[in-house]
Amino acid sequence: MKKALITGITGFAGSFLAENLVSTGEYEVSGTYLSDSSVNNVSSISDKVTLHKVDLQIEEEVNDLISNLKPDFIFHLAALTSPAESFKNPSEFINNNIDVEINLLEAVRRADIKPRILIVSSAETYGAVKSGDLPINENTPMMPVNPYAVSKLAQDRLGYQYFAAYKIPIVIIRPFNHIGPKQSPDFVVSSFAKKIAEIESGKTEPILKVGNLTAKRDFTDVKDMVEAYRLLLEKGEEGEAYNAGSGKSTEIKSILDTLLSFSDKQIAVEVDDSLLRPIDVPELVCDNTKIKAATGWEPKIPLEQTLKEVLDYWRSQG
């Protein structure tokens with residue numbers, strides 16, 4: 001059994017990754033978490049994973065974890081993740097996400113071990129991509145336009161720096177938007193679905209307030225995305241970065257229209273200026289040629305199916 005550590009195991013993607021690794025029967029899975037309220041996200045596999053409550057911003061706690069566990073694989077997912085929220089707390093996002101990764105990589109270096117490490121970057125690092133540069137490949141210039149994206153760019157290049165300087169076998173993934181049940185309503189699809197479920201149950205009036213509906217994003221089901229994480233850490237080339245996404249972009253208005261079509265309620269849609277970001281990226285769409293060549297990965301779950309699952313999840317939370 002290979003020892004795998006997932007930082008942020010009780011988070012949205014972390015919990016699905018844990019389920020994926022457990023299902024293979026090849027991994028002894030452990031992970032870090034910070035909030036007790038998040039533990040419920042891994043309740044279905046609680047007897048198959050080992051949880052460590054660790055504040056990754058505290059160097060000593062990270063050193064103790066890594067020196068005791070000595071993992072063979074590390075999936076580094078723990079981070080503050082909302083681009084919209086990062087405008088409100090830029091220093092918190094940038095300092096947290098950089099410090100946490102430095103603490104992890106330094107702990108590995110001090111323990112004198114060489115686990116394969118997946119650094120989860122973000123397609124947000126590409127930022128303001130010109131339409132002529134779409135779809136986005138790994139050589140597309142990086143022009144981050146929000147503090148979250150800046151923090152992920154730092155994480156991305158820190159991963160490369162530790163590979164280059166210390167020969168730690170690090171692989172970097174730049175996932176495009178991934179969605180599914182359990183995702184925070186800070187994110188657009190989950191936000192829409194939660195509001196629709198609340199309207200259906202009579203908790204709120206039948207008015208849905210929205211931000212920018214013209215942006216286009218590349219959406220992948222989280223279960224497909226975490227499969228990319230596993231395959232890439234097993235098969236990806238050390239020191240390389242890989243994009244992961246469906247290769248198709250969908251307008252946010254189309255996402256909303258599909259979710260509304262699943263409901264029998266008459267719901268009015270109103271633009272709320274307070275939900276608009278200071279700057280938004282018009283379109284993100286992935287060129288996934290490189291990851292397909294390295295791992296054979298491609299998404300399989302239809303977008304409409306994922307959207308239905310997200311709405312049903314929020315209905316179940318009522």
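All of these numbers come straight from a predicted model, not from anything done at the bench. (Residues numbered from 1 in each chain as written. Predicted model: local features only at pLDDT ≥ 70, side-chain atom pairs only at ≥ 80, totals over all residues. Heavy atoms only, no water.)

Asks: Any chance you could explain the packing of helix α4 (residues 90-110) against helix α5 (residues 147-166) here in plain terms?
Replies: Relative orientation and spacing of two packed helices are given, respectively, by the angle between their axes and the distance between those axes. Where α4 contacts α5, the two axes come as close as 8 Å, and the packing angle between them is 15 degrees. When the axes of α4 and α5 are compared, the pair comes out roughly parallel. The two elements α4 and α5 meet at a crossing, and its hand is right-handed. Where α4 abuts α5, its residues Pro90, Phe93, Ile94, Asn97, Ile98, Glu101, Ile102, Leu105, Glu106 and Arg109 lie against Pro147, Tyr148, Val150, Ser151, Lys152, Ala154, Gln155, Leu158, Gly159, Tyr162 and Tyr166. (Axes fitted to C-alpha atoms, helices over the stretch in contact; angles between N-to-C directions. Helix = DSSP H or I, 4+ residues; strand = E, 2+ residues; numbered from the N terminus. Parallel < 35°, antiparallel > 145°, perpendicular 65-115°, else oblique. Left-handed = near helix turned anticlockwise from the far one by under 90°. Contact = heavy atoms within 4.5 Å.)

Asks: Explanation requested: the pattern of salt bridges in the structure shown.
Replies: When their charged atoms lie close together, side chains carrying opposite charge are able to pair. Tallied over the full model, the rule gives 24 salt bridges. The residue arginine 110 makes a salt bridge to glutamate 106 at a minimum N-O spacing of 3.9 Å. Of this pair, arginine 110 and glutamate 106 both sit in helix α4, separated by four residues, roughly a single helical turn. A residue is classified by how much of its surface remains accessible, and arginine 110, at 45% relative accessible area, is partly exposed. (Salt bridge = Lys/Arg side-chain N within 4 Å of Asp/Glu carboxyl O. Buried < 20%, exposed > 50% of the residue type's maximum accessible area, 1.4 Å probe, protein only.)

Asks: Would you explain unusual backbone geometry in this entry?
Replies: Glycine aside, the phi torsion of most residues is negative, and most peptide linkages are trans. In this model, leucine 134 is joined to proline 135 through a cis peptide bond whose omega is -5 degrees. Within the secondary structure, proline 135 is located in the loop between β5 (116-120) and α5. Positive phi outside glycine occurs at aspartate 112, with the angle close to 55 degrees. As for its placement among the helices and strands, aspartate 112 is situated in the loop between α4 and β5. Positive phi values are uncommon outside glycine, yet lysine 167 reaches one of about 60 degrees.

Asks: Even after reading the chapter, I still don't get the pairing of strand β11 (residues 241-244), so can you show me in this structure?
Replies: A two-sided burial pattern is seen for β11, the buried positions comprising Ala241 and Asn243 on one face and Tyr242 and Ala244 on the other. Direction of pairing for strand β6 (residues 170-175) relative to β11: parallel, over a ladder of four bridges. What sits directly across from isoleucine 173, in β11, is tyrosine 242. (Pairing = 2+ DSSP bridges.)

Asks: Is there a simple way to explain the pairing of β6 in this structure?
Replies: Taken residue by residue, a regular strand's side chains alternate between the two faces of the sheet. Among the six residues that make up β6, six are buried, leaving the element largely enclosed by the rest of the structure. Here β6 shows no split at all, with Ile170, Ile172 and Arg174 on one side and Val171, Ile173 and Pro175 on the other all buried. Here four bridges tie β5 to β6, and the two strands are oriented parallel to one another. By the bridge assignment, valine 120 is partnered in β6 with isoleucine 173. Handedness of the β5-α5-β6 crossover: right-handed. (Right-handed = clockwise from strand over helix to strand, strands pointing away.)

Asks: Looking at this structure, I do not really get helix α2 (residues 59-69). What am I missing?
Replies: Given 3.6 residues per turn, any residue in an α-helix points the same way as the ones three and four places further on. Along α2, the positions that sit buried rather than exposed are Val62, Asn63, Leu65, Ile66 and Leu69. In a view along the axis of α2, the buried residues occupy a sector of 165 degrees, so they form one face of it. Opposite the packed face of α2, turned more than 90 degrees from it, sit the exposed residues Glu60 and Asn68. Buried residues along α2 sit in contact with β1 (2-7), β2 (27-33), β3 (49-53), β4 (73-76) and α4. Phi turns positive one or two residues past the end of α2, at lysine 70, with a value near 45 degrees. (Arc of directions from axis to C-beta.)

Asks: What is the right way to look at the nonpolar core in this model?
Replies: Soluble, globular proteins show a tendency: their nonpolar side chains are buried together. Ile6, Val29, Phe75, Leu118, Ile173 and Tyr229 are the most contacted members of the largest nonpolar core, which has 34 residues in total. Elements with a contribution of two residues or more to this core: β1, α1 (12-24), β2, β4, β5, β6, α7 (222-235) and β11. A per-element tally of this core places α7 first, with eight residues. The residues touching isoleucine 6, leaving out its near neighbours within four places in the chain, are Gly14, Leu17, Ala18, Leu21, Val29, Ser30, Gly31, Thr32, Phe75 and Leu77. (Core = buried A, V, L, I, M, F, W, Y, C linked by side-chain atoms within 4.5 Å.)

Functional significance is not addressed by these values, which are geometric in nature.
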